[in-house]
Amino acid sequence: SQTIHQWPATLVQPVGSPLSLECTVEGTSNPNLYWYRQAAGRGLQLLFYSVGIGQISSEVPQNLSASRPQDRQFILSSKKLLLSDSGFYLCAWSSGTGNQPQHFGDGTRLSIL
Amino acid sequence: GESVGLHLPTLSVQEGDNSIINCAYSNSASDYFIWYKQESGKGPQFIIDIRSNMDKRQGQRVTVLLNKTVKHLSLQIAATQPGDSAVYFCALAREGAQKLVFGQGTRLTINP
């Protein structure tokens, strides 16, 4: 069966520090991969998605970037964090064929001080 | 593009009653719809999906209804249990689109 892992579960970072959140998927190949941010009590905002290695689509201009160095690895990064980057970051995967549900990891709670 | 709205941000029901959570959408080209359940501190969990060539689909204790005429989607939970307490999100996509558009969520609270 397929599984998705995100780490760390929680992270506290000072303003101006770099960020690297990692997501890996097991049990499937060539998945679509997604990064979302969820503000408290709100819905999900799509940040990036990828349909293949090295292919990244950005949905909103921001202080973050994403990379997909391997088929089942998706990384969310920042060179210098802002206070507004605080939030709950979720990684998801879906099958690359047709409309399929996205399956989410358990997220990273990021607090910027 | 798509936009998704929910009729109620919160819903309280008695344990054992049926729950109905609603979504409205704006784009008639939307043809794939999903319901997710999100418990506190966790990622959204897939519940059930439906494609536009259907108007009803049933799972275990859940039913999704799709009314394309009025662009309305609902999730019915039968015999609501305390474990059903969560935020429920609808999401939709167009055929071939790699992206989902999420509603803002409805918080379901179960009263004993």
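Since the structure is predicted, the reported quantities are computational estimates derived from the model, not experimental observations.

Caption draft 1: View of the pairing of strand S6 (residues 55–58) of chain A. Residue and element names in this part refer to chain A. Of the pairings in the sheet, the one linking strand S5 (residues 44–52) to S6 comprises 3 bridges and is antiparallel in character. In the sheet register, Phe48 faces S6, and the bridge partner there is Ser58. With antiparallel pairing between neighbouring strands as the criterion, S5 and S6 make up a hairpin whose turn holds 2 residues, including Gly54 at a positive phi of roughly 75°.

Caption draft 2: Structural view of the pairing of strand S4 (residues 32–38) of chain A. Residue and element names in this part refer to chain A. Taken across its 7 residues, S4 has 7 buried, putting it largely inside the fold. Residues Asn32, Tyr34, Tyr36 and Gln38 line one face of S4 and the alternating positions Leu33, Trp35 and Arg37 line the opposite face, and both faces are buried. Looking at chain direction, S4 and strand S9 (residues 87–94) are connected through 7 bridges and run antiparallel. Paired with Tyr36 across the two strands is Leu90, which belongs to S9. Alignment of S4 against S5, held across 6 bridges, turns out to be antiparallel. The residue bridging Leu33 from the neighbouring strand is Ser50, located in S5.

Caption draft 3: Spotlight on the packing of aromatic side chains. If you walk through the whole model with that rule in mind, you get 10 aromatic pairs over all chains. Where Tyr36 of chain A meets Phe102 of chain B, the ring centres are 5.6 Å apart and the plane angle is 85°; that geometry is what we call edge-to-face. With Tyr36 of chain A in strand S4 and Phe102 of chain B in strand S10 (residues 101–102), this pair bridges two chains. This pair shows no difference in class: Tyr36 of chain A is buried, exactly as Phe102 of chain B is. Members of the aromatic cluster, joined through ring pairs, are Tyr34, Tyr36, Tyr49 and Phe104 of chain A together with Tyr36, Phe46 and Phe102 of chain B.

What counts, and at which threshold
Here the residue numbers are simple positions, counted from 1 along each chain's written sequence. For this description, chains carry letters from A and ligands carry numbers from 1, given in the order in which they are written. With pLDDT at 70 or above as the cut-off, local features in this predicted model cover only qualifying residues; side-chain atom pairs require 80 or more to be listed or tallied, and sums for whole chains, interfaces and linings still use all residues. To obtain the side-chain values, all non-hydrogen atoms of the structure were included, while hydrogens and water were left out. Whether two strands pair depends on DSSP finding at least two bridges between them. By definition, any uninterrupted DSSP run of H or I lasting at least four residues is a helix, any uninterrupted run of E lasting at least two residues is a strand, and each is numbered from the N terminus. Each residue is placed in one exposure class: buried if its accessible area under a 1.4 Å probe, protein chains only, is under 20% of its type's maximum, exposed if it is over 50%, and partly exposed if it falls in between. Aromatic contacts are taken between Phe, Tyr and Trp rings whose centres are within 6.5 Å, Trp giving its six-membered ring; a plane angle under 30 degrees counts as stacked, one over 60 as edge-to-face, and the others as tilted.

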